[in-house]
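So the chains spell out like this:
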Amino acid sequence: MAVSTSPPADLSAALVLEPVAAADWLVILPVAWCLAIGALLVMLRRPIGLHPFVAVAGLAGLVVIDGLLLQHVIASGPMTMVMGRWLPPFGIAFTVDLTGALFALAASIVALAGGIYSLADINDSGRRYGFYPFLMLLMAGVSGAFLTGDVFNLYVWFEVLLISSFGLIVLGSEREQIDGAVKYGFLNLVATTLFLITTGYLYASFGTLNMADIARKAEGLRGTAPLMTLTALFLLAFGMKAAAFPVNFWLPASYHTPRVVVSALFAGLLTKVGIYALIRVTVMLLPLEREELSFVIAAVGALTMLVGVFGALAQSDFRRMLGYLVISGIGSILAGIAVGGPGGIGGAIFYALHSMLVMTALYFASGVAAKLGGSFSLSSLAGLYRRHVGFAAISLMLAFAVSGLPPFSGFWPKVMLVKAALDIGAWWLAAVLLVTGFLTTIATGRFFLLAYWRDTADGQAATAETQIPAAILLPLAALTMLTLAIGLYPEPLLATIQNAAAGLSEPSSYLNSVFPGAAR
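Report follows, based on the coordinates. (Residues numbered from 1 in each chain as written. Predicted model: local features only at pLDDT ≥ 70, side-chain atom pairs only at ≥ 80, totals over all residues. Heavy atoms only, no water.)

1. A word on the overall build of the protein
So the rule is basically this: Only runs of H or I of at least four residues qualify as helices and only runs of E of at least two qualify as strands under DSSP, and these elements are numbered from the N terminus. Our radius of gyration is a C-alpha quantity, and the globule rule it is checked against amounts to 2.2 Å times the number of residues to the power 0.38. Neither His nor the chain ends is counted toward charge; the positive residues are Lys and Arg and the negative residues Asp and Glu. Taken as the charge centre is NZ of Lys, CZ of Arg, CG of Asp or CD of Glu, depending on the residue.
Check the secondary structure of the protein and you find 22 helices and two strands. For 520 residues, the compact-globule formula gives about 24 Å, and the C-alpha radius of gyration of the protein, at 23 Å, lands near that figure. C-alpha extents for the protein along the principal axes are approximately 100 × 60 × 40 Å. If you average the places of the 25 positive and of the 24 negative side-chain charges in the protein, the two averages end up 8 Å apart.

2. What to know about a nonpolar patch on the surface
Here is the rule we go by: Candidate patch residues must exceed 30% relative accessible area and have no salt bridge, after which like charges are joined if within 9 Å and Val, Leu, Ile, Met, Phe, Trp or Tyr side chains if within 5 Å. Per-residue and other accessible areas were derived by the Shrake-Rupley procedure at a 1.4 Å probe size, with only the shown protein chains allowed to occlude residues. For salt bridges, the criterion is a side-chain nitrogen of Lys or Arg within 4 Å of an Asp or Glu carboxyl oxygen. Burial here depends on accessible area, computed with a 1.4 Å probe over protein chains only, as a share of the maximum for the residue type. Under 20% is buried, over 50% is exposed, and the range in between is partly exposed.
Residues Leu-449, Leu-450 and Trp-453 make up a contiguous nonpolar surface patch of roughly 300 Å² in combined accessible area. Looking at Trp-453, the relative accessible area reads 47%, which means it is partly exposed.

3. Some details on helix α8 (residues 211–221)
We count it as follows: Note on contacts: a residue pair is in contact if any heavy atoms of the two residues lie within 4.5 Å. A 3.5 Å cut-off defines polar contacts: any pair of N or O atoms within that distance qualifies, except that in protein one atom must be a possible hydrogen donor and the other a possible acceptor, and neighbouring residues in sequence count only when both atoms are side-chain atoms.
What α8 keeps buried is the set Met-211, Ala-212, Asp-213, Ile-214, Ala-215 and Ala-218. Each element contacted by the buried residues of α8 is listed here: α6 (151–169), α7 (175–206), α9 (227–242), α11 (260–285) and α22 (508–514). A side-chain oxygen of the first residue of α8 lies 3.0 Å from the backbone nitrogen of Ala-212; this N-cap is Asn-210.

4. Side note on the pattern of salt bridges
Pairing is possible between side chains that carry opposite charge, provided their charged atoms lie close to one another. Per the counting criterion, the structure on display carries eight salt bridges. Ionic pairing is found between Lys-217 and Asp-213, a salt bridge with its closest N-O pair at 3.4 Å. Pair noted here: Lys-217 and Asp-213 are both in helix α8, with a separation of four residues, about one helical turn. Measuring nitrogen to oxygen at the nearest pair gives 2.7 Å for the salt bridge that ties Arg-222 to Glu-219.

5. Overview of the packing of helix α5 (residues 131–147) against α11
Quick note on the threshold: Here, axes are lines fitted to C-alpha atoms. For helices the fit covers the stretch in contact, and angles between N-to-C directions go from 0 to 180 degrees. In these notes the angle categories are as follows: under 35 degrees is roughly parallel, over 145 is roughly antiparallel, 65 to 115 is roughly perpendicular, and the rest is oblique. Handedness of a crossing is defined here by the sense of rotation of the near helix relative to the far one, left-handed for an anticlockwise turn of less than a right angle and right-handed for a clockwise turn.
Where α5 meets α11, the closest approach of the two axes is 10 Å, and the angle between their N-to-C directions is 20°. Judged by the angle between their axes, α5 and α11 are roughly parallel. Of the two elements, α5 crosses α11, and the hand of that crossing is left-handed. Residues Phe-131, Leu-135, Leu-138, Met-139, Val-142, Ala-145 and Phe-146 of α5 form the contact with α11, whose participating residues are Val-261, Val-262, Leu-265, Leu-269, Leu-270, Lys-272, Val-273 and Tyr-276.

6. Here's the deal with the environment of Gly-274
Its location among the elements puts Gly-274 in helix α11. In the structure, Gly-274 is positioned 72 residues away from Gly-346 in sequence and 17 Å away in space, judged by C-alpha atoms.

7. Quick notes on the packing of aromatic side chains
The condition is simple: By convention, a stacked pair of Phe, Tyr or Trp rings (six-membered ring in the case of Trp) has centres within 6.5 Å and planes under 30 degrees apart, an edge-to-face pair has planes over 60 apart, and any other such pair is tilted. Both a distance and an angle decide whether a charge sits over a ring: NZ of Lys or CZ of Arg must be within 6 Å of the ring centre and within 35 degrees of the ring normal.
Counted by the stated rule, this structure contains 26 aromatic pairs. Taking the centre distance of 5.8 Å and the plane angle of 90° together, the rings of Phe-166 and Tyr-184 count as edge-to-face. Linking Phe-166 in helix α6 with Tyr-184 in helix α7, this pair joins segments that are 18 residues apart in sequence. The partly exposed category is assigned to Phe-166, whose relative accessible area is 27%. Site record: aromatic cluster; members linked through ring pairs are Phe-152, Tyr-155, Phe-158, Phe-195, Phe-234 and Phe-238. Seen from the ring of Phe-376, Arg-319 lies directly overhead, with NZ or CZ sitting 4.4 Å from the centre.

8. Concerning helix α17 (residues 389–403)
Test applied: In this analysis, the expected span of each helix is defined as 1.5 Å times one less than the number of residues it contains.
With 15 residues, α17 extends 21 Å between its outermost C-alpha atoms, agreeing within 8% with the 21 Å of an ideal straight helix rising 1.5 Å per residue. Here α17 has its buried residues at Phe-391, Ala-392, Ile-394, Ser-395, Met-397, Leu-398, Ala-399, Ala-401, Val-402 and Ser-403. Contacts made by the buried residues of α17 are with α14 (318–339), α15 (341–373), α16 (384–387), α19 (427–453) and α20 (470–488). Of the residues one or two after α17, Gly-404 is the one with positive phi, at around 80°.

9. Describing the packing of α11 against α15
Relative to each other, α11 and α15 sit at 170°, their axes nearing to 7 Å. Classified by the angle between their axes, α11 and α15 sit roughly antiparallel to one another. Between α11 and α15, the contacting residues are Val-260, Val-261, Ser-263, Ala-264, Ala-267, Gly-268, Leu-269, Lys-272, Ile-279 and Val-283 on the first element and Ile-345, Ile-349, Ala-352, Ser-355, Met-356, Met-359, Thr-360, Tyr-363, Phe-364, Ser-366 and Gly-367 on the second.

10. Description of the pairing of strand β2 (residues 93–96)
Note the following rule: Paired strands, as defined in this entry, are two strands with at least two bridges between them according to DSSP.
Side chains of β2 alternate between two faces, with Ala-93 and Thr-95 and Phe-94 and Val-96 buried alike. Inspection of the sheet shows strand β1 (residues 79–82) paired to β2 by four bridges, in the antiparallel sense. Residue pairing in the sheet places Met-79 in a bridge with Val-96 of β2.

11. Some words on the side chain of Ser-355
Here Ser-355 is to be found in helix α15. Residues in contact with Ser-355, not counting those within four places in the same chain, are Lys-272 and Thr-360.

12. Quick word on unusual backbone geometry
Residue Phe-245 is joined to Pro-246 through a cis peptide bond whose omega torsion reads 0°. By the secondary structure assignment, Pro-246 is in the loop between α9 and α10 (250–254). Here the residue pair Pro-406 and Pro-407 is connected by a cis peptide bond, since its omega of 5° sits within 30 degrees of zero. Tracing the sequence through the fold places Pro-407 in the loop between α17 and α18 (411–423). At Ala-243, a residue that is not glycine, the phi angle is positive and equals roughly 70°. Within the element layout of this structure, Ala-243 appears in the loop between α9 and α10. Residue class for Ala-243 comes out buried when judged on its relative accessible area of 0%.

13. What about the environment of Gly-126?
Among the structural elements, Gly-126 can be located in helix α4 (residues 124–128). Residue classification places Gly-126 among the buried positions, given a relative accessible area of 9%. Placed 69 residues apart in sequence, Gly-126 and Phe-195 show a C-alpha to C-alpha distance of 32 Å. Filtering out sequence-adjacent residues up to four positions away, Gly-126 remains in contact with Phe-131 and Leu-171.

14. Some remarks on the side chain of Ser-513
Of note, Ser-513 is situated in helix α22. At 2.6 Å, the side chain of Ser-513 forms a polar contact with the side chain of Thr-80. Sequence-distant contacts of Ser-513, that is, excluding residues within four places in its chain, are made with Pro-78, Met-79, Thr-80 and Thr-95.

The structure is reproduced here in structure tokens:
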């Protein structure tokens, strides 16, 4: 019998041979957890009464997992785990740094608040048609997008969250929902297709889709590869996802059509995934190209802010107004990306996290207002202050927060963005940021005065305070108190965000996590 004399293959250059540390599983646990809970909910098709409690418990577990992940990244730096033990760039990598961990934790908090709110907002019909499995699938996509270290994998997770969002937006099958779903779906499919085409173009240029590999190869390919074209295409694709001007018309045409809890989740999560992807690609992977396009990004950001806030001023429907405020917030984040530097990028990250919490809470508030006043329209809403004083106080605090007024969470990122713009001499961009905040105050103040302070149509002020279900009031109050706490004591979050921005601008720790000893 012939015996092979060739030496054993050295697999150390291709595979991870050491046992995986227990803490490393935290990198993929958020995605695996969401998929497992979603699969469990699908199996529990008959006892749909269990769905809300299983989902809320699962989302609470997700908050704990993401909190532990952030804590570990703060203590130990970026973490990487590869699929099938294949080393990058061949193995698909999940890599988490401070930016990804912060976004993942904020998303899980928003989802938990939405899960609790849904206990009173989603009826048996919505449960039968799969609201809670769709919600867990959505969070799997969102978590995967924030934690992946591979551009094609980022596309895959975009597809996962897009499919689940289609299921959520048509839940109920009302005519208005179908109309909103068509508008929502069309441009998002165009954006996703453009993203896929650009990803193919990226692979043809770099021969890899691993983010760390792209970041370390970009400098050597800058003279030959069409990096400016790639950056412009990514800017357009992710701009569509984030609802930036001029490809923002789909958002106010669709976000007011589904159930309130679905609108709130969309406002808090979906546009922020597009913003996160834009920050990751333009700041970490293609920083010089971002700098070359900074004026274009700043102009788009300024126009997005102005279109959003003027659209909000023109609305007489609560949820339509909020849709335009989401767009305006995206413009502020784009301004930070354009300015760059620790102040600009840190302000963009801070504003995105603030917007995730505040816009979700404002959509919750619109649902409560509709329950108390019977409509989302200003022509019908009146006397809400007398119907529920506590809810009116919460709404006023959220109006201050979204306007960037102290002492709430929106104040600090606005200050960071204005200062960063002034530091580079972009006084016009700083002026747009300040004017947008002022006009946002007018838009929200107008709604508060008419819907809350104005007496009812018959001239009689409502005096009986209406009870709001605890499942609705609890997440609304919790998110509001969180924005207040961040505003009053921003130092811990601000320090973490500044470190996150520094890690994006100088990603040596990120690269070393993926390719030990080969940092740029």
